[in-house]
Amino acid sequence: MNLVRRRRLAVFGLTAPAYLWLALTILLPLSAMLFFSFLTQAPFGGRQAELTLGQYGAFLDKAFYRTLAWRSLELGFYVTLGCVAIGYPAALALAKYVKGRWREALFLLIVLPFWSNALVRTFSWTMVLRGDGLVDRMVQAVFPGAPSFGLLFTYPAIVVGLVHSFVPYMILTCYISLQAIDDSLIEAARSLGASAWAVFRRVVLPLSLPGLYAGVVLIFVPAIGSFMEPRILGGPAGIMLGTVIEDQFTVVFNWPLGAALSFILLAIVLAILALAYPLLRRNLQVA
Amino acid sequence: MSETKGRSRAPTIAIVAAIVVAAAVAAYVLLRPSAPGELHVLNWQGYGTDEAWAVALFEERHGVKVIHDNFNSEQEMLTKLRTSPGTYDVVLINSAFTEQAVAEGVLQPIDSAKIANFADLSPALRDSPRFNIDGKLYGVAWVWGVTSFAYNTDKIASPPDSIETLWDPQYAGRIGWRDDAVESVSLAAIATGQDMNHPADLDKVREKLRALKPQIKTFWSSEDEWNKHFTAGDFDIAVYWSGSAARSKKAFNLPVAFVIPKEGAIGWFDGLSIAKDAPNPAAAHAFIGFMVSPEFYVRWDNEVGAPASANAAANNQLPADAFNRVVLGDAAALERLQFMAPLTDEERAKYLEIWEETKTYFAQ
C-alpha cells in the first residue's frame, strides 16, 4: 500500500514539471488564441470586441482560403514523399551496410544542418537554385549549350528547400527502427531461399514501419504549416495558408482571422491523423 | 535570545530603508518633468533628426540637450504618445496618421509664426488638410517621396512613361513587385483611373491585379532584397521607392532609373509635430524650423541620401545632378501624384483579402 502510494507520488513528482511547463507554454496561449478566433477584432488598445463566428465563416465564404488549404496539404504531401524517397534508403544504408567510424561521420553530416539557422539554409538555397546559379552553371559545364533554367521562385524550389530541412527527421526515425532489426532474421530468410527483394519486402520493411510512420507524422504536420520557406523560395508560387496566417498577424493586426485560420488548419491535421489512427496504432505499438 | 533577535533585526531595517530610498529615487527619475534644457524627439532610427552633426549644432546654438527615442511602426509611435504624455516634444508622423493622432488628443497645435523657413515650404504639402485640422496646424511638412517603379537602363533602352509598362506583355516574367496589399491596390487603382486610397470599383482593381499573373517574376520586401534581385537579373522593371532608387544608383552604382508614370504615382509625406503637453515647446518650434532648413537638408542628402525636402528652396540647393532635383524636381510630375490618406481597419483588411486572393490565383 505504502509502496504503491510512494510510487504514485514519485511518478507525479517526476512528470508534474513537464505537465506544468506544457500547460504554461502551450495550453494557455493556445486557449487564448482559440478565444481570439471567435472575436470581431483583437481586444488591444481599448478596442471593443464582440463574439462572432464570422472569422470561421470567411473560410467558407471565400473559395481562395480552401484553395490555399489544399495547396498547403499538397505541399505537405510532396515534401513527405521526398523525405521518404531520400531518407529511407539513406537510413537503410546507415543501419545495415555502413559500419564503425564511417557511420559516425555520416551521422554528423546528416545532423549538421540542424546546427545552422533555418533562415541561413533557406537563403543559401536561393543562390543554388536561381537562374545562372550553382545548379545552372554545373549543368552548363557538363552539357554546354543546354538551355538555362532556374528553379528559384517556383513550386519545386519550395519542395527542395523543405525536404532539405526535414529529411534528417526521416533518416533518424527510420534508422532507429532499422538498426533494431536483428540481422539473424535476415540471415534466416536468406537461408530459406528468399531473394534480396523478398527479404526487404517481407522482413525489413514491415519491421521498420514504426520509424517510417513516425517520420511521416513528424514531417507532414510542420510542412503544411510552413511559411518562411514558401515566402523566400516560392516567389509568386509561395502563397500558402501558412503565409496568409502570418500576414493576418503581422500586416493587418487581424489576430482573430489569423487564429481562426490556424485552428482550421489544426482541425484538418487532426482529422487526417484520426483517419490514419488505426494504421498508426498498429505500427507504433511495435516500437 | 532576545538580544540576538534584536541584533538580527537591525540589518533588516537597513535593507527595508534602502529599498524605500531606492524606490523613491527611481520614482523621481521616472516621473520628474524633463529638465528645462532638454528636447525629446520621437522618430524612426537613422531618419535625419538623429544625425550626430545636426544634433551637436542644434545643442550648441540653443543650449538644450537633444534626446532621441525610436519607434518601429506607426502603431508603436501612437502607443508611446498615448502612454507617456508630457514626455516628448517633437514627433515624426506620416501624414496619413496625423488625423488619427489629433483625434486621440496626443498632439498640440503648432504656431507657424515660430517655425523658421515655414514660408518656403511647398504649399501643396504645407497647407495639406492632413496637417491643417479644424483650422489649426498639427504638422509641419518635412520630407516626401514617391512609390512607383524603376527599370534597368542597361536592358531597357527607351524610357517607359506609363504605368501600363508593368502590364506590358513585352516584359512578361521580368517584373518585380512588392508583396504589400495596400500598395498593390493603390497601384491598380491608379492604373484603372481611380482614387488610390478609396477606389470606388474594387472589382476593377481585382481584375487589374489578376492581369499581373504572367508579368511578375518575384516579390521583394526590403531595399536590400530589391538590390540583390536587381543585380542577379531576377527582374528588369520593379515597383520601388524613390529614395531607395536614389541610393541604389548613388551608393551601389546600379543602372537604375525611376519613373513617375503619366497616369500618376503614390505620394507620401512625413511631418514633424509637437506632442500635447510638450515640456519644451519653444525648443520644439526651433528644432522643427532647423529640420526644414536648407542648411540641415542639403548636408543630410549629400552625406547619407534623404527623401525630397518639403522645402523647395532646400531642394534647389542640391547639386544639379542630385536625384531629388532631377526626378522629383519636375513640377508637372508632382501634379500627378496621389497622396496616401488614412485608411480604416476594415479597408486594410479588405485590401489584404483582395491581394491574398490575387496571389492565390497567381500560384494556381
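If you're wondering where the values come from, they're calculated on a predicted model, not measured in any experiment. Each chain carries its own residue numbering, running from 1 in the direction its sequence is written. Chains carry letters and ligands carry numbers; both start at the beginning, A for chains and 1 for ligands, and go up in the order they are written. For this predicted model, a pLDDT threshold of at least 70 governs which residues receive local features, and a threshold of 80 or more governs which side-chain atom pairs are given and counted, while totals over whole chains, interfaces and linings are taken from all residues.

Caption draft 1: Seen up close, the overall build of chain B. Within chain B, the regular secondary structure consists of 15 helices and 14 strands. A principal-axis box enclosing the C-alpha atoms of chain B has dimensions of 95 × 50 × 45 Å. Residue burial in chain B is summarised as follows: out of 364 residues, 42% are buried. Restricting the contact set of chain B to residue pairs at least 6 apart, pairs at least 24 apart contribute 77%. Runs of E in the DSSP output that reach at least two residues are strands. Runs of H or I that reach at least four are helices, and both are numbered from the N terminus. We call a residue exposed when 12 or fewer other C-beta atoms sit within 10 Å of its C-beta, buried when the count reaches 20 or more, and partly exposed for counts in between; the C-beta positions come from the backbone. It is the C-beta atoms, placed from the backbone, that decide contacts: two residues are in contact if theirs lie within 7 Å.

Caption draft 2: Local environment of the packing of helix 8 (residues 183–191) of chain A against helix 9 (residues 196–224) of chain A. All names here are of chain A. Taken N-terminus to C-terminus, the directions of helix 8 and helix 9 make an angle of 145 degrees; their axes are 10 Å apart at the nearest point. Here the hand of the crossing between helix 8 and helix 9 comes out right-handed. Listed contacts from helix 9 to Leu185, Ile186, Ala189 and Arg190 of helix 8 are Val199, Val203 and Val204. When its residues are assigned to classes, the contact of helix 8 with helix 9 shows six nonpolar, no polar and one charged. Between the N-to-C directions of two axes lies an angle of 0 to 180 degrees, each axis being a line fitted to C-alpha atoms and, for a helix, fitted only over the stretch in contact. It is the rotation of the near helix from the far one that decides the hand of a crossing: anticlockwise by less than a right angle makes it left-handed, clockwise makes it right-handed. Here the term charged refers only to Asp, Glu, Lys and Arg, the term nonpolar to Ala, Val, Leu, Ile, Met, Phe, Trp, Tyr, Cys and Pro, and the term polar to all other amino acids, Gly among them.

Caption draft 3: Spotlight on the environment of A:Lys62. Tracing the backbone through its elements, the reader meets A:Lys62 in the loop between helix 2 (54–61) and helix 3 (63–96). Taking the C-alpha atoms as reference points, A:Lys62 and A:Ala118, 56 residues apart in sequence, are found 33 Å from one another.

Caption draft 4: Representation of the confidence of the model for chain A within the structure. For every residue, the predictor reports its confidence as pLDDT, a number between 0 and 100. With 96% of its residues at a pLDDT of at least 70, chain A reaches an overall mean of 89. Looking across chain A, the model is least confident in helix 13 (residues 277–286) of chain A, with a mean pLDDT of 72, and most confident in helix 3 of chain A, with 95.

Caption draft 5: A look at the environment of A:His164. Residues and elements named next belong to chain A. Summarising the element assignment, His164 is placed in helix 7 (residues 155–179). Separated by 43 residues in the primary sequence, His164 and Leu207 place their C-alpha atoms 26 Å from one another. Leave out the neighbours within four places in its chain, and His164 touches Pro113 and Arg121.

Caption draft 6: Representation of unusual backbone geometry. Residues and elements named next belong to chain B. Even without a glycine there, the phi angle at Asn253 is positive, about 55 degrees. Relative to the helices and strands, Asn253 is located in the loop between helix 9 (242–250) and strand 11 (256–259). Notably, Asp277 is not glycine yet its phi reads approximately 55 degrees, a positive angle. As for its placement among the helices and strands, Asp277 is situated in the loop between strand 12 (265–275) and helix 10 (281–291). Here Asp277 falls in the partly exposed class, since 14 other C-beta atoms lie within 10 Å of it.

Caption draft 7: Representation of the pairing of strand 7 (residues 140–152) of chain B. All names here are of chain B. Where burial is concerned, most of strand 7 is hidden: 12 out of the 13 residues are buried. Pairing between strand 7 and strand 12: seven bridges, direction antiparallel. Across the sheet, residue Val140 finds its bridge partner in strand 12, namely Leu272. With two bridges joining them, strand 7 and strand 13 (residues 308–309) adopt antiparallel strand pairing. Following the sheet pairing, Trp144 is matched in strand 13 by Ala308. Paired strands, in this sense, are two strands between which DSSP finds at least two bridges. Pairing of strand 7 with strand 10 (residues 237–241) involves five bridges; the strand directions are antiparallel. If you follow Thr147 over to strand 10, its bridge partner there is Trp241. Inspection of the sheet shows strand 7 paired to strand 11 by four bridges, in the antiparallel sense.

Caption draft 8: The arrangement of the interface of chain B and chain A in detail. In this assembly, 16 residues from chain B lie in contact with 16 residues from chain A. Put simply, the parts of the chain that give the side of chain B that touches chain A at least two residues each are strand 9 (216–220) and helix 15 (345–363) of chain B. Among the elements that make up the side of chain B that touches chain A, the one with the highest residue count is helix 15 of chain B (nine residues).

Caption draft 9: How the structure looks around helix 8 (residues 223–232) of chain B. All names here are of chain B. When we look at burial in helix 8, the residues that qualify are Trp226, His229 and Phe230. Projected down its long axis, helix 8 shows its buried positions confined to an angular sector of 100 degrees, all on one face. Pointing more than 90 degrees away from the buried face of helix 8 are the exposed residues Asp224 and Thr231. Those residues of helix 8 hidden inside the fold are in contact with strand 7, strand 8 (175–178), strand 9, strand 10 and helix 9. Among the residues trailing helix 8, Gly233 stands out with phi positive, at a value near 75 degrees. Regarding the arc, it is the one traced by the directions from the helix axis to the C-beta atoms.

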